[in-house]
Amino acid sequence: MSTSIRNLKENKTLIAYVYIVLGCLIGGAAYPMFLVPNNIAPGGLTGVATVLNYLFDWPVGLTSMLMNVPLFLMGYRMLGGTFAFRSLVATVLFSVSIDLIKLPCLTDDILLASVYGAIMLGVGLGLILRGEATTGGSDMIAKLIHKYVPFITVGLTLFAIDCLVILLAAFTMSTRAALYSLICIFVSSKVIDLVLAGIGSAKMCFVVSSQSSRIARRIMDEMDRGVTILPAIGGYTGKESRALISVVDHREVIAVKRIVRDADEKAFMFITDTHETLGEGFSSLSDKAES
């Protein structure tokens, strides 16, 4: 491996960890500044930890880590070595940041807290995703369930987990707290999209590469997403090749980029928002047709 290529990979790795560290610090700071003092549960396992903090005064970060880390260890092979390790680092650092960052609560207005807490959390999680990592143990639960019960989609499981958190907040805290938690979940998801440079809930990835078969197989095996392969002819060169089309959730775009880059750094790729995505893994086509 040449020195220039090695340096490039080292720089990319360094930048990824900078994103992860900044994301953990920003996202973690949202909890003492806005979320925990106002009993706002922001979905996922950290939302469950926030409810447990309200009930038993358990530290949010430590409780979240104790739930998340075993899930990542269980799903290590599903995630892939580098991504799994970065996610484990992000999960631990994010959890530690929640508990150890001692910042004063900035407002006792629950609406302001839910909005601004969601913005900080969304920025933090978006940066972590840009660093090719995740702190979402709920993502791993969803993937494990889908692996063994294929008809239950990843998206459906994530939605069910967030609904469970909202119900827990409603029964243990108050209906008011649950409604503001719902606002927090919605706003943070939109901010994540903005940080990842997109506003759609799903993204269409179009790839032209000499390694199209390898890329397609990895997307299908590692991400459990469908791929359409189309014949293509270069307008300038006249050479025949194959183009790939795959529609993925916005949180999976980074993983697709990683797969394409690993297989062929000279590949041509563009990513665009989808207005509405119907079919397996997304909204039901039959339900939309009947509505």
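Summarised in this report is the structure supplied together with it.

Parameters at a glance
Residues numbered from 1 in each chain as written. Predicted model: local features only at pLDDT ≥ 70, side-chain atom pairs only at ≥ 80, totals over all residues. Heavy atoms only, no water. Helix = DSSP H or I, 4+ residues; strand = E, 2+ residues; numbered from the N terminus. Expected span 1.5 Å × (residues − 1). Buried < 20%, exposed > 50% of the residue type's maximum accessible area, 1.4 Å probe, protein only. Axes fitted to C-alpha atoms, helices over the stretch in contact; angles between N-to-C directions. Left-handed = near helix turned anticlockwise from the far one by under 90°. Contact = heavy atoms within 4.5 Å. Nonpolar A, V, L, I, M, F, W, Y, C, P; charged D, E, K, R; others polar. Core = buried A, V, L, I, M, F, W, Y, C linked by side-chain atoms within 4.5 Å. Pairing = 2+ DSSP bridges.

Re helix α2 (residues 44-56)
(1) Moving on: Spanning 13 residues, α2 covers 19 Å between terminal C-alpha atoms, matching the ideal 18 Å at 1.5 Å per step.
(2) Moving on: By the criterion of burial, α2 is predominantly enclosed, with 10 of the 13 residues buried.
(3) Moving on: After α2 finishes, the residue D57 shows a positive phi value of roughly 60°.

Topic: the packing of helix α10 (residues 212-223) against helix α11 (residues 253-263)
(1) Moving on: Remark: α10 packs on α11, axes separated minimally by 10 Å, with the N-to-C direction vectors making an angle of 145°. Handedness of the α10/α11 crossing: right-handed. Residues R214, I215, R218, I219, E222 and M223 of α10 form the contact with α11, whose own contacting residues are A255, V256, R258, I259, V260, D262 and A263.
(2) Moving on: Its residues assigned to classes, the contact of α10 with α11 shows 8 nonpolar, no polar and 5 charged.

Section: the nonpolar core
(1) Moving on: By size, the foremost hydrophobic cluster in this structure holds 27 residues, and its most contacted members are Y31, L35 and F94.
(2) Moving on: Secondary-structure elements contributing two or more residues to this core are α1 (3-35), α5 (81-100), α6 (110-130) and α9 (175-195).
(3) Moving on: By residue number, the principal contributor to this core is α1, which donates 8 residues.
(4) Moving on: Beyond its immediate stretch of four places on either side in the chain, L35 contacts A30, I40, P42, A113, G117, L121 and C184.
(5) Moving on: By size, the runner-up hydrophobic cluster in this structure holds 15 residues, among which are C205, I215, V253 and I259.

What about the pairing of strand β3 (residues 240-249)?
(1) Moving on: Pairing analysis gives 8 bridges linking strand β1 (residues 202-209) to β3, with the strands arranged antiparallel. Each bridged residue has a counterpart across the sheet, and for M204 the counterpart in β3 is V247.

Such coordinate-based values are descriptive only and should not be taken to indicate function.
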